[in-house]
Each structure stands twice: as C-alpha cells, then as structure tokens.
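# Analysis of the macromolecular model
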Amino acid sequence: MATIPHPPSTGPALQTRRPLIVTAEQHILQQQQKHFPEAGGTFSELLASIALATKMIQAKVRSAGLLDILGSAGERNVQGEVQQKLDVYANQALLECLGQRDTVAVLVSEENEEPVTFGRAPETGKYVIFFDPLDGSSNIDVNVSVGTIFSVFRRPPGSEVNSAVLQPGSKQVAAGYVVYGSSTMLVYTTGQGVFGFTLDPGIGAYVLSHENLRMPDHGSTYSVNEAQSDSFPDVYQNFLTGLRTGALRREYSSRYVGSLVADFHRTLLKGGVFLYPPTKGYPSGKLRLLYEANPLAFIAEQAGGSATDGERRIVEIQPHEIHQRTPLVFGSSAEVEEFQRCYKHDSKTARTSTSA
Ligand code: P6P
C-alpha cells in the first residue's frame, strides 16, 4: 500500500490508512494481481464491463415505472418466453459493453438463440461469457427483485466456437450475479472466495460490503414452487416431507420468491436449500445449465455450500447444448447432503425393485 506523502509542515501529517472504500473494479484488479498476474489486466477489464452494463440495467430497473419500459416488447425469445422490454435493454447493454472488449471470443445469452461471435483470433479472443441478462423479468411489473447472472470461461487454445461454449462448469474462471433488490448488489467469485459489493448511488460505484461471504452450514428455509409438487419425482417429495417432519431435527419455513437470483441470494446469506426439480412441464428441470445453474453452483461451492442435479455436482455436467436445462438443488451443506442421501437411497431402492 503506497504511503500517503506528508503534507507541508504547516498542516497535520496524513497517516497512512486503509482506504475508506474498495470499489468492485479495485477489488477485481487486486484479486487479479494477486491470483492471475499472467492475465495482465484483461480479466479485470471484463468484470469491469459487466459492472458497467449492470449499472446501466439497474438505472432502468429503478425507474421502470416512470419510463415506457414496463411490459412486454411483443417478441418471444429463444425460450418461447414473452420478452419484457427490460429484457431486451439488458441484453443489449451486456452485448455492447462486453462485445467491445477484444478479449471476448464468444457471448452466449439466454435471449440469443445462437452464440454471438466476433471473429477474433484465438490469441486475442481469450474469454467465453454466458449470461442471463435479466432473470426473473416476469416479476418486474410487480416490483419484485430481479437479477443478472454471468459466467466466464477461457477459450481453450485453438478451440472452435462449439467446443469453446460446451465446457463443464468446473472450467469457469469467474461467475457472479447482480440482484436488483432493496439495494443493488454485485456478488462474484474468481475461485478465491465470494465477495459482495453494494451499489452506492451517490458515487455510482459498487463498494465492497460483504468480504468473503460464507453460506451457513445449515438453514431454516426450503425454497421450491410447492404448487407443482405433485409432479415432482418421489425423491424430491420424500426429501421435502423429511424436512417438514424433522429429518434434520430442525424447523423449516418455506420461502419462494420465484426469482432465481433473489432465492439464491437469500440462501447464500441465510442458508437453507433451493430446489427446482423435474416437473411435468419441465421434465429436465426449468433452469438453464450454462447461464443459471453453473455460475450459481460455482458461487455456492466457493461459499462452502453445494449444488447438484441429484446425480452429480452441477459443475461436473458436460453440456451438449447451450440452452439445455437441468434439475437444480443448491444450498447449505447439511440440507444438500440430506437430499443426496435421499437421492442415493431412492435410486438404490428403484434399482433393487426393478432387478427383483
Ligand atoms: P416457476 C423466472 O421466470 C425463473 O426463470 C427463475 O428466475 C425462477 O427461479 C423460476 O423461473 C421460477 O419458475 O415455475 O416457479 O414460476
């Protein structure tokens, strides 16, 4: 830390002191200098671009009711979901802020059917970035928290676009989200812990507010859309019944916002478990592997929690399609371990019964 030079003898000497604030950009640069010195600043530029795009998005989200920006844009996205006007704006902001960076080889967005490429040479375009520009956007009109989720990979040397975008989540070099809630918070990891920054509207900067976030070892809430529970596989119903009847010798409450980033953020800070199981409407689960489950799984594990599809860690799944869905269970180690115990027991029982 540089020593602040003493002022002329006429005034009191300024003592060297810790900075009053650490912005996300400063923190990312410190992290990079400490852990990725070979990246030479390109990596922190990427995360700074994401921070800029999310500040643009939050400005619109915060004034959505005042601008003609609420409601649907009249189009449907690749998911067949009606695009909200803010979805379109958020997607454009991220495509433009990130697309300008020469180090970006490919962008994959929930709102774009195909990967967006820029024809950059492999030695220039080093990163592949996935994002859900505005997750939970159907909640915008009723003023419920929404979020942006992102995931960063390196482009494997000499790889074609297709192989560059179909990497398992364990290859992520960074992941994060912004939750546009009662305050706007950026949470990210580069594999060296999880850090939270709160947007200070007075200075327009994300300021370090949660150094080294850790998920509690257990919680007191479970988070699932219970209206669909009749179509959950038995193992999910058995697990939830177990929580309600004291399998973990704790009382649980149900908390479900229906906005993934809000449900994740609460689980990260307070512990507990979130589940989006296979359902009749979504036999493979509703949530997307590459730009929802993978980044949140990376953060959950970095904070001491877990994330699984039942069979394996989310980050071990080898993707086969950029918009593929996955069952998703994440949360505190105690609850996720209990789910995995139930899953293994039910799978074994099922195998035994079929082999009988
Ligand atoms: P359901 C929002 O539409 C979203 O994609 C996630 O943010 C959220 O977790 C999930 O869908 C909610 O889905 O079926 O419970 O309404």
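Before going into details, it helps to say that this report is about the structure given with it. Residue positions are given per chain, counting from 1 as you read along its sequence in written order. Per-residue local features of the predicted model are confined to residues with pLDDT of at least 70, and side-chain atom pairs are confined, for both listing and counting, to 80 or more; whole-chain, interface and lining totals are unaffected and use all residues. In computing side-chain properties, one takes all heavy atoms of the structure into account and sets aside hydrogens as well as water.

## Quick look at a nonpolar patch on the surface
Distance thresholds for patches are 9 Å for like charges and 5 Å for nonpolar side chains (Val, Leu, Ile, Met, Phe, Trp, Tyr), applied to residues having over 30% relative accessible area and no salt bridge. Every accessible area reported is derived by Shrake-Rupley at a probe size of 1.4 Å, with residue values counting cover from the shown protein chains alone. By definition, a salt bridge exists where a carboxyl oxygen of Asp or Glu is found within 4 Å of a side-chain nitrogen of Lys or Arg. On the surface, a cluster of nonpolar side chains totalling about 330 Å² of accessible area is made up of Leu20, Ile21 and Ile203. Strands here mean DSSP runs of E at least two residues long; helices mean DSSP runs of H or I at least four residues long; both are numbered from the N terminus. As for its position among the elements, Ile203 is in the loop between strand 9 (194-200) and strand 10 (205-210).

## Quick look at the site of the ligand
Taken together, Asp135, Gly136, Asn225, Gln228, Tyr256, Gly258, Ser259, Leu260, Tyr276 and Lys286 form the complete shell of residues around the ligand. In protein, a polar contact means a hydrogen-donor-capable atom and an acceptor-capable atom, both N or O and within 3.5 Å, with residues adjacent in sequence counting only if both atoms are side-chain atoms; elsewhere, any N or O pair within 3.5 Å suffices. Within the side chain of Asp135, an N or O atom sits 2.6 Å from an oxygen atom of the ligand. Separating an oxygen atom of the ligand from a side-chain N or O atom of Lys286 is a distance of 3.0 Å. Protein chains shield 81% of the accessible area of the ligand, which is 400 Å² for the free molecule. Looking at the shell around the ligand residue by residue, the class counts come to 3 nonpolar, 5 polar and 2 charged. Put simply, a residue is near a molecule or strand once any heavy atom of it comes within 4 Å of that molecule or strand. Residues are grouped as follows: Ala, Val, Leu, Ile, Met, Phe, Trp, Tyr, Cys and Pro are nonpolar; Asp, Glu, Lys and Arg are charged; all remaining types, including Gly, are polar.

## Some remarks on the packing of aromatic side chains
Classification of ring pairs uses Phe, Tyr and Trp, with its six-membered ring standing for Trp, and accepts pairs whose centres are within 6.5 Å; under 30 degrees between planes counts as stacked, over 60 as edge-to-face, and the remaining range as tilted. Taken as a whole and assessed by the stated rule, the structure comprises 10 aromatic pairs. When the ring of Phe274 is compared with that of Phe330, the centres are 4.7 Å apart and the planes differ by 5°; the resulting orientation is stacked. Of the two residues, Phe274 sits in strand 13 (residues 273-276) while Phe330 sits in strand 15 (residues 328-331), which places them 56 residues apart along the sequence. Each member of the pair, Phe274 together with Phe330, is buried. Ring-pair connections join several aromatic residues into one group, and the members of that group are Tyr177, Tyr256, Phe264, Phe274 and Phe330. A 1.4 Å probe rolled over the protein chains alone gives each residue an accessible area, and that area as a share of the maximum for its type sets the label: buried under 20%, exposed over 50%, partly exposed in between.

## Description of the sheet that holds strand 13
Spatially, the 5 strands line up as an open sheet ordered 12-11-13-15-14, and their pairing is mixed. Strand pairing shows two members of the sheet lacking a second neighbour, strand 12 (253-254) and strand 14 (306-308), which therefore form its edges. Whether two strands pair depends on DSSP finding at least two bridges between them. With 2 bridges connecting them, strand 11 (residues 221-223) and strand 13 associate as parallel partners. Opposite Ser223, over in strand 13, you have Phe274 as the bridge partner.

## Some details on the sheet that holds strand 6 (residues 146-154)
The strand order across the open sheet built from 8 strands is 4-3-5-6-7-8-9-10, with neighbouring strands paired in mixed fashion. The open sheet has two edge strands with one neighbour each: strand 4 (116-117) and strand 10. Two strands pair when backbone bridges link them, and strand 9 and strand 10 are joined in this way by 5 bridges, in the antiparallel orientation. Counterpart to Phe197 in the pairing with strand 10 is Leu208. Across the sheet, helix 2 (residues 42-62) touches strand 3 (104-109), strand 5 (127-135), strand 6, strand 7 (172-180), strand 8 (184-189), strand 9 and strand 10, and the angle it forms with strand 7 is around 15°. We call two residues contacting when some pair of their heavy atoms lies within 4.5 Å. In this analysis an axis means a line fitted to C-alpha atoms, helices contributing only their contacting stretch, and an angle means the value between N-to-C directions, from 0 to 180 degrees. This element, helix 7 (residues 289-302), spans strand 3, strand 5, strand 6, strand 7, strand 8 and strand 9 of the sheet and lies at about 100° to strand 7.

## Comments concerning the environment of Leu248
Position of Leu248 among the secondary structure elements: in the loop between helix 5 (234-244) and strand 12. Along the backbone, Leu248 and His218 are 30 residues apart, and their C-alpha atoms lie at a distance of 9.6 Å. For Leu248, the residues in contact, after removing those within four places along its chain, are Leu243, Ala334, Glu335 and Glu338.

## Considering the nonpolar core
For our purposes a nonpolar core is just a set of buried Ala, Val, Leu, Ile, Met, Phe, Trp, Tyr and Cys residues, chained together by side-chain atoms within 4.5 Å. Within the largest apolar cluster, 42 residues are counted, with the highest numbers of intra-cluster contacts made by Tyr177, Leu268 and Ile299. Take this core: its biggest share by element is 9 residues, from helix 7. Residue-level mapping places this core at the junction of two domains, with at least three residues from each of domain 1 (24-210) and domain 2 (221-355). If sequence neighbours within four positions are ignored, Leu268 has contacts with Tyr177, Val187, Val194, Leu213, Arg214, Met215, Pro216, Ile299 and Ala303. Counting residues in hydrophobic clusters, the runner-up holds 39 residues, among them Ala64, Phe150, Val173 and Tyr180. All domain edges in this entry derive from an automatic or database-based domain assignment.

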